[in-house]
Amino acid sequence: MKRPALSRSARRRPSPADLLLSWGFLVLIGLPLLLLGSGRAGLDTVAFEYRSPAPWPGLPASAADWRAWPRAVEAPFGDRFGLRSTLLRLRARLRWDLLGGSPTPTAVQGRAGEVFLTADRVLDTWSGRSPLSPREVDAWLASLTQRANHLAARGIVYLAVFVPDKTAVYPERVPASLGPAGRRRLDQLVESAAGAGFRNLLDLTPALRQERAADRDWDRTYPALGSHWTARGALAGALAIGAHLRELGADWVDLDRSRLRFEPAEDTFGDSYAARLYLEQRLSHTGMRAMLPAEDLATCIQGAPDSTLSLWSGPRAAGPRLLVFHDSFGPELRPLLSASCALARWVWKPYDSRLVREFAPDVVLELFVERQLAMRQAHHGDEGNQAALAAAFARAPRGLRLDAGELAARLRCSGGLVATFDAPSGSLLLSSSGSQGIGELSLAGWPADRPTLLCLSCASNGEGQLVARYPFRNGSPAYPVESIQREAVALWGGKQPLWIPLAPERIGQTLSLSFDPGNAQLRIEAAELRIWR
């Protein structure tokens, strides 16, 4: 039976509570849209993530554009969503405080609130779950040995220095589920070097573990929320480096540690992961700076103290000339090691033979953080290794030879790199007008899983570097590590052969080629691939 309709007067009027709930709902869903219109919503946390906000797409111009438009606006809308920062911080607090976890996969929460990074599989390679293969250990040792021998023949002392990741200095604070399960990659290399009698390698793990025993409150060897050493940790490293250089015969006088003092400095998130965890309002640590007497200070006379290139004048007029190639652990060391020198050049990039010739140092240091053993393969672009590769290439059986015409057919250029086949001379001319020029060389038809040497018979118009890049994967099957290998070979101007090793761990059949600096020309007559080792 059909129910009679209620009269309008008989219908229930909304209560104040109903109205409040309805208006509250409208405000909650409308406020993010209102904030979105301000143009700044959510952009503060995007800056914490060390990236730029995704740009808005243009207006659709075709039916295909209209179909793709909803997905194209997702990223820019998400970056500018109203209350984004508030919601992210609330989520971070819940995960950190209630669940004992990390709000981002790039870091984990250790014991006592310690932060450990997970980027570049640093925990897997440190724990021994993703070791180097015997071939990779041999390649690293051969590369360092050839470099040391080449420099020693020219009266230059060489030392490769490895700085441990924080996990190796504070292992008991790593989550138990991620603890040691084998030999770390650095231990593999150090043991191989000791077995071969190679003395030009220094692992700073023992020195920093010993220094860590003096940690007190804010005065630490590594900060609780960061991944780099503090000024005190860097001083322990500097003293260990000085002692090892003296063993190698360098004229080295250390800083007098008793004349240094350390003061707390404002935490500006320079090496704090708190902001990237969206916990900058919850977590903080105190920074540190080293204070030296004026007469012991080295002075930065070219570049900024933490710039890519800087030149320092030290207080020892008769001290050595020091050249250091380093990564992000270098800036804290600059004033400490430079104080033992007459002149010190610091270069935030991989080893470059051109700078060695130009600066004429007495001592050359390469400073690596431990995770570099996961981020890259051994480097063979310097003069010493090029000579060794030339000998290995001569011993290897002949392989695939490509003339200039075949190279031109296999090369795809973009970003300002131009390849021109010169039929009369039978050569391929590569010219670049900017740093973004890239050539993708196809190696199709050649096995990707064999250790390979690529020889380019070429001539350049001046000094520079030819940079070859390719992706690789190594480590254990359960804990693979993927990264990009960068092999930079010096160009001296004129005719010269270049040898580029390609590891069997490489992925795919493409080799990227570019110039550093970008404005350069290279004439290639032929290329040949051979299997070696």
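Refer to the preceding data block for the structure.
A. A look at the environment of Ser102. As for its position among the elements, Ser102 is in the loop between helix 5 (84-98) and strand 1 (107-109). Once the C-alpha coordinates of Ser102 and Val115 are considered, the two residues, 13 residues apart in sequence, prove to be 8.9 Å apart. For Ser102, the contacting residues outside a window of four places in its chain are Arg95, Trp96, Ala107, Val108, Gln109 and Leu277. A polar contact is formed between the side chain of Ser102 and the backbone oxygen of Ala107, at a distance of 2.9 Å.

B. A look at the packing of helix 10 (residues 205-212) against helix 11 (residues 231-247). At a minimum axis distance of 9 Å, the contact between helix 10 and helix 11 shows a crossing angle of 135°. When the interaxial angle is binned, helix 10 and helix 11 end up oblique. Note on packing geometry: the crossing formed by helix 10 with helix 11 is right-handed. Contacts between helix 10 and helix 11 involve Ala207, Leu208 and Glu211 from the first element and Arg232, Gly233, Ala236, Gly237 and Ala240 from the second.

C. Spotlight on helix 10. Buried within helix 10 are the following residues: Thr205, Leu208, Glu211 and Arg212. Along helix 10, the residues classed as buried sweep out an arc of 130° about the axis, all on the same side. Helix 10 presents Pro206 and Gln210 as exposed residues on the side facing more than 90 degrees away from its buried surface.

D. Fine view of the sheet that holds strand 11 (residues 363-369). Taking strand neighbours across the sheet as the criterion, the seven strands line up as 4-3-11-9-10-8-7 in an open arrangement whose pairing is mixed. Single-partner strands in this sheet number two, and they are strand 4 (201-203) and strand 7 (299-302). Taking each pair of neighbouring strands and ignoring which way they run, the sheet shows an average axis angle of 25°. Where strand 7 meets strand 8 (residues 309-313), three bridges bridge the pair, whose relative direction is antiparallel. By the bridge assignment, Gln302 is partnered in strand 8 with Leu311. In this fold helix 9 (residues 185-196) packs onto strand 3 (157-163) and strand 4, with an angle of close to 140° to the strand it touches most, strand 4.

E. Representation of the environment of Leu389 within the structure. By the element assignment, Leu389 lies in helix 15 (residues 383-395). Placed 143 residues apart in sequence, Leu389 and Trp532 show a C-alpha to C-alpha distance of 9.6 Å. Dropping the residues within four chain positions of it, Leu389 is found in contact with His380, Leu453, Trp499, Pro501 and Trp532.

F. Region of the structure containing the environment of Thr308. Relative to the helices and strands, Thr308 resides in the loop between strand 7 and strand 8. Sequence spacing of Thr308 and Pro331 is 23 residues, and the spatial spacing of their C-alpha atoms is 9.4 Å. When near neighbours in sequence (up to four residues on either side) are disregarded, Thr308 contacts Arg334, Trp346, Val347 and Trp348.

How each quantity is defined
Counting of residues starts from 1 at the beginning of each chain's written sequence and follows it residue by residue. Under the rules for a predicted model, residues below a pLDDT of 70 receive no local features and side-chain atom pairs below 80 are neither given nor counted, while totals for whole chains, interfaces and linings still include all residues. Where side-chain values are given, they derive from all heavy atoms of the structure, hydrogens and water being excluded. Think of it this way: any DSSP run of H or I at least four residues long counts as a helix, any run of E at least two long counts as a strand, and we number them from the N terminus. Any two residues having at least one pair of non-hydrogen atoms within 4.5 Å are treated as being in contact. What qualifies as a polar contact is a pair of N or O atoms within 3.5 Å, subject to a donor-acceptor requirement within protein and to the restriction that residues adjacent in sequence count only when both atoms come from side chains. To get an axis, a line is fitted to the C-alpha atoms, and for a helix only the part in contact is used. The angle between two axes follows their N-to-C directions and goes from 0 to 180 degrees. Oblique is the label for any angle not under 35 degrees, not over 145, and not in the 65 to 115 range, which are roughly parallel, roughly antiparallel and roughly perpendicular in turn. Should the near helix be turned anticlockwise from the far one by less than a right angle, the crossing is termed left-handed; should it be turned clockwise, right-handed. Buried means the residue's accessible area, taken with a 1.4 Å probe over protein chains only, is under 20% of the maximum for its type, while exposed means over 50%, and partly exposed covers the values in between. Arc, as used here, means the arc of the directions from the helix axis to the C-beta atoms. Any two strands with at least two DSSP-identified bridges between them are counted as paired.

Nothing here speaks to function; it is all geometry.
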